[in-house]
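# Structural description and commentary
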Amino acid sequence: AERAKPEREKEVDQLDALIKKHEELIPWVSKIMIKVDLYWKCYAYGDDLKPHIEFLDGIMLSSTREIAPSCVENVDELIERQEKALVQLETKRGIVRDLIEKGNILLQNPEKPLFLDSHVQRIVDGWDDTKLKAQERLNLLSATKSAWEGYAEGQEVIANEFEKAEEEMKKIKKRFNVDSAKEDLAKRQDIYNKAKANLERIYNKIKSDYETMGMTLPEDKKALMKKELDAVTERMGILTQFEDKVKKIEDFCTNLECFGNTSKSLDDWMNRAAGELDNIKNHSHQMVPEDRVAVCMELQEDIAAKVAIIEESIAKEQELLPQGDSVPKDAMEHKEELARIHKFTLELQAKVKQETANFSEDVKFWAEYRTGIKAFTPWLESAEKEATLGLGKPATLPEALELFDKISMFDKKCLLHLNVLQTAESASKKMTTHQEADDQVTEMNGRYQKVKKVSDEWLNKVETLVKEWKMLDATVCELNNWVAKDKTSEGENQFSLEKMESTLCELKNIFKEKEKLVDNL
């Protein structure tokens, strides 16, 4: 019993130690149990994910595998499948959301296993990526279907537009009335711009549809449709042809308008030029012949320049307007107008040349006229001045005779210079235009006539005075000779008191008449 007590104490101590050790193991075991439970849940979570991950992988695979529909029916089948896949995805949305939420809760435990992060991330990314790829594939298939339909429809529409463009191109024709041509050009430009916009819009849509279809088309089908697109691209060259035709009509309208404006300008000019010639011929009497020749030469140069322009217009008309017998009325009007202008200008050129030649002759006659006027004018001015001075009063017969000689010479100069004036007038009459000379000659002739009238009056007065004075002088001489005779019988017989008184009376009358004439000078 005494030996058993120590053993019992030893056993009690061992039991206490065991109990104590057990008590120390309880927290660890509890912790291990919790961790085992967590791991069990995580593994169970992974098992739960597996079918859904496989589902998502299947959808992803079907949404990313290569497809090659060769017709729109194939596309419809693929769209139907893809829509079903999206519906299936949508039905799984709640389950996947719960799994993601469950995974996030497990991730909050710090004792979570390392693989849990990848499991949760895989379901999250798998759902988002699969949803995105599935929707992208559906969008691609929808776009492809629209491209197939649009491509087929575009082929028909663009063929119709090509036909319309060809028909409109056939309607493009030259019009020879300027206003009508410009109006038609505006119409053709509008039609071209609309046709270009429509064709380019349809072509770009076909090309875009082809590129969309090309993303899924089989290579053989793609090559075939590429040939179709190339054929359409080649036919798009019709726009270049259309543009060229419209551009040619535009250039034609510009040239036609320029041609018409040139004709109008020439018509206005030739009327002015004809007026200038008429003015030179009939209303330029105040111009000297040299100036008239200069004006004619300027007009000739102007006409020569216009003739060159007309010849250019004629050459342009050969290119611009139709030739031959059947010429449209509007084109013929242009031709006739240009022919009229050409004929008128050539005739005007000939007239101006003739007038220039005439005025060149006038220069010679004008020089003769001016020479005469220059010789006549100084004498006339001097004669007018002399005519205002009047006659002197001679006191003796020699003085009267001297005055008579002076007046006779003055009258002879009058007659001589009258011939000078008449010669100048005759030269002026030979000029084409001599109104100015006529006016000057008329004015000078009037002045001359006044001087000649004074000269005639002077000559008449002085001639009468000399005649009376000579008669007086002869009577005085006769009386002196008669008185001085010797007293002869014959003288006595001849002496008569009555005769002497008669002679003295006559002498007295002659003297009075002479004095009266002297006073009247």
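The structure this text deals with has already been given above.
Position labels on residues start from 1 in each chain and follow its written sequence. Per-residue local features are limited, in this predicted model, to residues with pLDDT of at least 70; the limit for side-chain atom pairs, both in listing and counting, is 80 or more; totals at the level of whole chains, interfaces and linings are taken over all residues. The side-chain values count all of the structure's non-hydrogen atoms but skip hydrogen atoms and water molecules.

This part covers the overall build of the protein chain. A count of helical and extended segments in the protein chain gives 12 helices and 0 strands. Runs of E in the DSSP output that reach at least two residues are strands. Runs of H or I that reach at least four are helices, and both are numbered from the N terminus. Along the protein chain, from the amino end to the carboxyl end, the secondary structure elements read α-α-α-α-α-α-α-α-α-α-α-α. When a residue's accessible area, from a 1.4 Å probe over protein chains only, is under 20% of the maximum for its type it is buried; when over 50% it is exposed; and in between it is partly exposed. Residue burial in the protein chain is summarised as follows: out of 521 residues, 34% are buried. Contact criterion: two residues are considered in contact whenever any of their non-hydrogen atoms come within 4.5 Å of each other. In the protein chain, of all internal contacts separated by at least 6 residues, the share reaching a separation of at least 24 is 86%.

Membership of the largest hydrophobic core comes to 80 residues, with the highest contact counts inside it found for Y45, L89, I123, I158, L199 and F242. Looking at this core, the elements that each hand over two or more residues are α1 (4-64), α2 (72-107), α3 (115-170), α4 (178-214), α5 (219-235), α6 (238-282), α7 (289-320) and α8 (329-389). If you tally residues by element for this core, the top one is α6, at 15 residues. In this view, L199 contacts I158, E161, F162, A165, M236, I238 and L239; residues no more than four positions away in its chain are not counted. One finds W379, F410, M431 and A437 within the second-largest nonpolar core, a separate group that totals 17 residues. What makes a nonpolar core is a set of buried Ala, Val, Leu, Ile, Met, Phe, Trp, Tyr and Cys residues whose side-chain atoms join them at distances within 4.5 Å.

Residue position: I249 is located in helix α6. In the structure, I249 is positioned 60 residues away from Q189 in sequence and 9.6 Å away in space, judged by C-alpha atoms. Excluding residues that lie within four positions of it along the chain, I249 makes contacts with I172, K173, K174 and L185.

This brings us to the packing of aromatic side chains. Centre distance and the angle of the planes are the two values used to describe a pair of aromatic rings. Here is the rule: rings of Phe, Tyr and Trp (six-membered ring for Trp) pair when centre to centre is within 6.5 Å. Planes less than 30 degrees apart are stacked, more than 60 are edge-to-face, and the remainder are tilted. Throughout the structure, instances matching the rule amount to 6 aromatic pairs. Site record: aromatic cluster; members linked through ring pairs are F376, W379 and Y448.

For helices, the fitted axis covers only the stretch in contact; all axes are lines through C-alpha atoms, and the angles between them, taken along N-to-C directions, range from 0 to 180 degrees. Remark: α3 packs on α5, axes separated minimally by 11 Å, with the N-to-C direction vectors making an angle of 25°. The angle between α3 and α5 falls in the class roughly parallel. Helix-helix and strand crossings are classified by hand; for α3 and α5 the assignment is left-handed. Counting all contacts with α3, which are made through W148, Y151, Q155, I158, F162 and E166, the residues of α5 involved are K221, M225, E228, L229, V232 and R235. By definition in this entry, angles of less than 35 degrees are roughly parallel, angles greater than 145 are roughly antiparallel, angles of 65 to 115 are roughly perpendicular, and the rest are oblique. Crossings are sorted by hand: turned counterclockwise from the far helix by less than a right angle, the near helix makes the crossing left-handed, and turned clockwise it makes it right-handed.

With respect to the helices and strands, the residue A134 is situated in helix α3. With 73 residues separating them in the primary sequence, A134 and L61 have C-alpha atoms 9.4 Å apart. Apart from residues no more than four positions distant in its own chain, A134 is found in contact with I59, S63, Q82, L86 and L89.

The next point concerns the side chain of Q300. Counting through the fold element by element, Q300 comes out in helix α7. For Q300, the residues in contact, after removing those within four places along its chain, are V352, K353 and T356.

We define a salt bridge as a side-chain nitrogen of Lys or Arg found within 4 Å of a carboxyl oxygen belonging to Asp or Glu. By the definition in use, this model includes 27 salt bridges. Here D76 ties to K145 by a salt bridge, and the two come within 3.2 Å at their closest N and O atoms. Of this pair, D76 sits in helix α2 while K145 sits in helix α3, placing them 69 residues apart in sequence. Judged by relative accessible area, which is 30%, D76 ranks as partly exposed. With relative accessibility at 28%, the residue K145 sits in the partly exposed group. Here D184 ties to R175 by a salt bridge, and the two come within 3.4 Å at their closest N and O atoms.

What follows concerns the environment of K316. Take K316: it is sitting in helix α7. What makes K316 partly exposed here is its relative accessible area of 34%. A sequence separation of 57 residues divides K316 from F259, and the C-alpha atoms of the two residues are 8.0 Å apart. Leaving out residues up to four positions away in the same chain, K316 has contacts with C258 and F259.

Right, let's get into the packing of α3 against α4. Running from N to C, α3 and α4 point in directions that differ by 155°, and their axes come no closer than 8 Å. Taken together, α3 and α4 sit at an angle that is classed as roughly antiparallel. Crossing of α3 over α4 shows left-handed handedness. Here the nonpolar group is Ala, Val, Leu, Ile, Met, Phe, Trp, Tyr, Cys and Pro; Asp, Glu, Lys and Arg are the charged ones; every other residue, Gly included, is treated as polar. Of the residues contributing to the contact of α3 with α4, the split by class is 15 nonpolar, 6 polar and 5 charged.

Here we come to α4. Expected span of a helix, by definition, is 1.5 Å for each gap between consecutive residues, and there is one gap fewer than residues. Taking 1.5 Å of rise per residue, the 37 residues of α4 would be expected to cover 54 Å, and the 52 Å separating its terminal C-alpha atoms lies within 8% of that figure. Polar contact is the term for a pair of N or O atoms within 3.5 Å; when the atoms are in protein, one must be able to donate a hydrogen and the other to accept it, and sequence-neighboring residues count only if both atoms are side-chain atoms. One side-chain oxygen at the N-terminal end of α4 lies 3.2 Å from the backbone nitrogen of D179; it belongs to N177.

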